[in-house]
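Analysis of the macromolecular model
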Amino acid sequence: MKQVIPLLLSLFLCSVTTKAQDHPIEDQVFDEITQLEFTTNGQPVVFTQSGDHLVHILNSITFEPEAKLVPKGRGPGEIQTLYAAFLDSNNDRVFLIGPDKRMIGYNFSGELIFEKLIEELSPGLTNQKNPTMFIKENYLFVSSGQPLMSSAKPDESLPFIQMIDTATTEVVYEFTMTLEQLAFEDFDVVEKVNFLKLQPELIMINDRLSVLTINGLPYFYFFVNGEFVKRKKIDADFEVEYITSTKKRFGDNVGVRTPSNINSIQLIEDDHLLISYGNIHQEIPVGYSVFRIDHSPKSGLNDEIKVTKITDQKITGFEDLSELNLTYHAGNLFIHNNYDWLAHQIYVIKEADLGF
């Protein structure tokens, strides 16, 4: 049996942040924002679900639109619906995947540089909201989107992230966990609905260590060289539980409410993880936490991994947003609604305190 190294958790800071009103990006209106990213040079890039183009390059000073990429449509170089997107922040390129399993890429000059059908993409991808997608050394990492089935066995291997060779379009590896490793405590919820959609997010902290999170489950799942090694519970000051409900107009169908304890996650300065949480409609306080990850490689897979929670801050002043998606850049927190159909504007908390 592998030795499990305890993960330490401590809380150093707690304070309240309020909404700013004087950042130029707040004057811009978009159609259904899915994500906001920044290039290495500080260029803001907004991905949207609707509009005549799905990628918007903004001026890094005025934050006004400078260019639009990826026409919305069904033809060559076009995407009808945005399922997943990735910004190559070092090379000013974007890559998108649509419902027909085509992945296309554009540079910021508007040139189509990549277009390929990837048949091996999991059909479950279409069931997710803003799934994981990134490219590293010509490998595509993307959420498998497989739901959690009520028939799952404790030792059954469940795929979460596919690693696909962009040259051959073949799946070369999958990040997997068993139901037992997942530690899903509310499995009776799954039994009521037959299956449950899971939304995994993978962050590569370095070439050896990765962390996977799943919206609704209060854990960091750590992988060393692609193999699951341990999980760490994320403590919260609110109740984290799945809730089922029925509505007469839907007959006997049962719906599931996923607790909003990990709405977004971002790697900052190589060893800090920023997560957002909360939903005013679930009566869960809105805020964010920052964790420092200390990692020391050891023989085999027995790496020493320590998690330290260095700040936890509640956010007020966003009562019109039901669930927050956060992007940290240059000292500021950029915020939009995590539900893309309600996300039309970006707000900013200036000089945000992340505790380090």
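Summarised in this report is the structure supplied together with it. Per chain, the residues get numbers from 1 upward, laid out in the order the sequence is written. Totals for whole chains, interfaces and linings use every residue, but because this is a predicted model, local features are given only for residues with pLDDT of at least 70 and side-chain atom pairs only at 80 or more, for both listing and counting. By convention in this description, side-chain values take in all heavy atoms of the structure and omit both hydrogens and water.

What follows deals with the nonpolar core. Counting residues in hydrophobic clusters, the biggest one holds 41 residues, and the most contacted among them are Leu140, Leu148, Phe160, Leu182, Phe184, Leu212 and Tyr221. Per-element accounting of this core gives the leading share, 5 residues, to strand β13 (residues 157–165). Here, nonpolar core means buried Ala, Val, Leu, Ile, Met, Phe, Trp, Tyr and Cys residues that are tied together by side-chain atoms lying within 4.5 Å of each other. For the exposure calls, accessible area comes from a 1.4 Å probe over protein chains only, and a residue counts as buried if that area is under 20% of its type's maximum, exposed if over 50%, partly exposed in between. In this text, helices come from DSSP runs of H or I with a minimum length of four residues, and strands from runs of E with a minimum of two, each type numbered from the N-terminal end.

Turning our attention to the sheet that holds strand β8 (residues 102–107). Across the sheet, 4 strands lie side by side as β6-β7-β8-β9; this open sheet has antiparallel pairing. Both edges of this open sheet fall to β6 (84–88) and β9 (112–117), since each of them pairs with a single strand only. Neighbour-to-neighbour, the strand axes of the sheet open up by a mean angle of 10°, direction not taken into account. Summarising the sheet, strand β7 (residues 93–97) and β8 pair through 5 bridges and their orientation is antiparallel. Paired with arginine 93 across the two strands is asparagine 107, which belongs to β8. A pair of strands is considered paired only if DSSP assigns at least 2 bridges between the two. Every axis corresponds to a line fitted to the C-alpha atoms, with the helix fit spanning only the stretch in contact, and the corresponding angles, defined between N-to-C directions, vary from 0 to 180 degrees.

By the secondary structure assignment, isoleucine 275 is in strand β23 (residues 272–279). Put simply, isoleucine 275 and serine 264 are 11 residues apart on the chain and 5.5 Å apart in space, counted from C-alpha to C-alpha. In this description, contact between two residues means that some pair of their heavy atoms is separated by no more than 4.5 Å. Not counting residues up to four positions away in its chain, the partners in contact with isoleucine 275 are Phe220, Ile234, Asn261, Ile262, Ser264, Ile265, Gly287, Tyr288, Ser289 and Phe291.

Below, the discussion takes up the sheet that holds strand β27 (residues 332–337). One open sheet holds the 3 strands; their spatial order is β26-β27-β28, and the pairing between them is antiparallel. The sheet terminates laterally at β26 (324–329) and β28 (347–349), the two strands that pair on one side only. Each neighbouring strand pair of the sheet contributes to a mean axis angle of 30°, computed without reference to strand direction. Inspection of the sheet shows β26 paired to β27 by 6 bridges, in the antiparallel sense. Looking across to β27, one finds that asparagine 325 is bridged to histidine 336.

Here we take up the packing of aromatic side chains. When two rings of Phe, Tyr or Trp (its six-membered ring) have centres within 6.5 Å they constitute a pair, described as stacked for plane angles under 30 degrees, edge-to-face for angles over 60, and tilted for the intermediate range. Evaluated as defined, the whole model comprises 17 aromatic pairs. Arranged with centres 6.1 Å apart and planes meeting at 70°, the rings of phenylalanine 95 and phenylalanine 114 form a pair that is edge-to-face. One end of the pair, phenylalanine 95, is in strand β7; the other, phenylalanine 114, is in strand β9, with 19 residues separating them in the sequence. One exposure class covers both phenylalanine 95 and phenylalanine 114, and it is buried. With a centroid separation of 5.8 Å and an interplanar angle of 70°, the aromatic rings of phenylalanine 223 and phenylalanine 228 are classed as edge-to-face.

These values are about where atoms sit, not about what they do.
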